[in-house]
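Here is how the chains run, residue by residue.
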Amino acid sequence: MNTNEFYINFLVNKYNKTQLNRKEVASELGISLTTLENLINNNQLPIRHKRIGLSQKARYIFPIIEVANFLTFRNFVA
């Protein structure tokens with residue numbers, strides 16, 4: 001099992017779903033929710049995500065595979 005598969009399995013088993021919300025992503029990245037929101041608003045978040053709704057406080061969803069790809073790359077570079 002490679003590192004990417006490990007993160008995918010870990011996140012799926014931890015959350016029992018295939019997409020994460022902002023709070024869960026912030027927790028997995030080890031950053032605050034405010035920092036995550038700033039990254040999203042400034043188009044600086046390197047994780048693909050979808051915005052659900054048009055309001056200022058629209059929901060965002062993050063596919064687990066995208067979060068796992070980011071975590072794998074981050075640990076590979078570090």
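Residues numbered from 1 in each chain as written. Predicted model: local features only at pLDDT ≥ 70, side-chain atom pairs only at ≥ 80, totals over all residues. Heavy atoms only, no water.

1. Some words on the nonpolar core
Thinking step 1. Ranked by internal contacts, the top residues of the largest apolar core, which has 17 residues, are Leu11, Val25, Leu36, Phe62 and Val67.
Thinking step 2. Elements that contribute at least two residues to this core include exactly α1 (3-15), α2 (22-29), α3 (33-41), β3 (59-63) and α4 (64-77).
Thinking step 3. At four residues, the largest contribution of residues to this core is made by α4.
Thinking step 4. Those residues within four positions of Val25 in sequence are excluded, and the remaining contacts are Leu20, Leu36, Phe62 and Val67. (Core = buried A, V, L, I, M, F, W, Y, C linked by side-chain atoms within 4.5 Å. Buried < 20%, exposed > 50% of the residue type's maximum accessible area, 1.4 Å probe, protein only. Helix = DSSP H or I, 4+ residues; strand = E, 2+ residues; numbered from the N terminus. Contact = heavy atoms within 4.5 Å.)

2. Quick word on the pairing of β3
Thinking step 1. As judged from the two bridges shared by strand β1 (residues 19-20) and β3, these two strands associate in the antiparallel manner. Bridge pairing in β3 links Leu20 to Phe62.
Thinking step 2. Strand direction decides the pairing type here: strand β2 (residues 50-52) and β3, joined by three bridges, are antiparallel. In the sheet register, Lys50 faces β3, and the bridge partner there is Ile61.
Thinking step 3. Once β2 ends, the chain turns through six residues before running back antiparallel as β3, passing Gly53 with a positive phi of about 110°. (Pairing = 2+ DSSP bridges.)

3. Topic: the confidence of the model for the protein
Thinking step 1. Here the protein averages 91 in pLDDT, and 95% of its residues register 70 or above.
Thinking step 2. The element-level mean pLDDT for the protein is lowest in α4, coming to 86, with β1 highest at 97. (pLDDT = per-residue confidence, 0-100.)

4. A short note on the sheet that holds β1
Thinking step 1. Taken in spatial order, the three strands line up as β1-β3-β2 in an open sheet, and their pairing is antiparallel. What marks the edges here is a single partner per strand, and that holds for β1 and β2.

5. Concerning the packing of aromatic side chains
Thinking step 1. Tallying each qualifying case throughout the model produces two aromatic pairs.
Thinking step 2. Residues Phe6 and Tyr7 carry aromatic rings whose centres are separated by 5.6 Å and whose planes lie at 65° to one another, so their mutual orientation is edge-to-face.
Thinking step 3. Aromatic ring contacts, followed pair by pair, group Phe6, Tyr7 and Phe10 into a single cluster. (Phe/Tyr/Trp six-rings, centres within 6.5 Å; stacked < 30°, edge-to-face > 60°.)

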